[in-house]
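Reading the structure
Each chain, written out:
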Amino acid sequence: MKKDIHPKEYRSVIFEDSSSGKRFLIASTVATEKTDTWDDGKKYPLYTVEISSASHPFYTGRATIVDTAGRVERFRKRAAAAKSKVSKKAKR
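Being a predicted model, the structure only gives us computed values, none of them experimental. Counting restarts for each chain, with residues numbered from 1 along the sequence as it is written. This being a predicted model, a pLDDT of at least 70 is required before a residue's local features are given, and a value of 80 or more before pairs of side-chain atoms are given or counted; all residues contribute to the totals for chains, interfaces and linings. Only heavy atoms go into the side-chain values, all of them from the structure, while hydrogens and water stay out.

Strands are runs of DSSP state E lasting at least two residues, helices are runs of H or I lasting at least four, and both sets are numbered from the N terminus onward. Tracing the backbone through its elements, the reader meets S52 in the loop between β4 (43–49) and α1 (57–60). Residue classification places S52 among the buried positions, given a relative accessible area of 13%. Any N or O atom pair separated by 3.5 Å or less is treated as a polar contact, with the protein-specific requirement of one donor-capable and one acceptor-capable atom, and with residues adjacent in sequence counted only for side-chain atom pairs. A polar contact of 2.6 Å, which involves the side chain of S52, links it to the side chain of D17. Among residues more than four places away in sequence, those in contact with S52 are D17 and F24. The rule is simple: take the accessible area with a 1.4 Å probe, protein chains only, and divide by the maximum for that residue type; under 20% is buried, over 50% is exposed, in between is partly exposed. Note on contacts: a residue pair qualifies if any of its non-hydrogen atoms lie within 4.5 Å across the two residues.

With that out of the way, let us pick up the packing of aromatic side chains. Pairing of aromatic rings covers Phe, Tyr and Trp, the last counted by its six-membered ring, and requires centre-to-centre distances within 6.5 Å; plane angles under 30 degrees mean stacked, over 60 mean edge-to-face, and any other angle means tilted. For the coordinates displayed, the defined rule picks out one aromatic pair. With 5.7 Å between their ring centres and 70 degrees between their planes, F15 and Y47 make a pair best called edge-to-face. Placement of F15 in strand β1 (residues 11–17) and of Y47 in strand β4 is noted, with a sequence separation of 32 residues between them. Overall, the relative accessible area of 17% leaves F15 in the buried class.

On to the sheet that holds β4, then. Pairing between two strands requires that DSSP report at least two bridges joining them. Read from one edge of the open sheet, four strands run β2-β1-β4-β3, paired in mixed fashion. Both outer strands of the open sheet, β2 (23–28) and β3 (35–37), are each paired with one neighbouring strand and no more. When strand polarity is set aside, the average angle formed by the axes of neighbouring strands in this sheet is 45 degrees. Pairing of β1 with β4 involves four bridges; the strand directions are parallel. When the bridges of β4 are listed, F15 appears paired with Y47. Every axis in this analysis is a line fitted to C-alpha atoms, fitted for helices over the stretch in contact. Angles between the N-to-C directions lie between 0 and 180 degrees.

What follows is the structure, given as structure tokens:
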């Protein structure tokens, strides 16, 4: 095996899903300043993610709308505005 080809920052990291609260301990090179204690009592770097397999509808089987940027609400406003324009034209 070749030497010095692996990243130096490869270590165990806690990934925490902010929407479900589920936590995973996985080896990673992700950069983070936060730390937290895992079930074994040791401190590990902590990285927060918005969606993981614990909260994604594909893996959970629950169809939920996850909208962190307000895209769904903007779409609904545009759809309502377009619908009202169509109904006004139909009344003429």
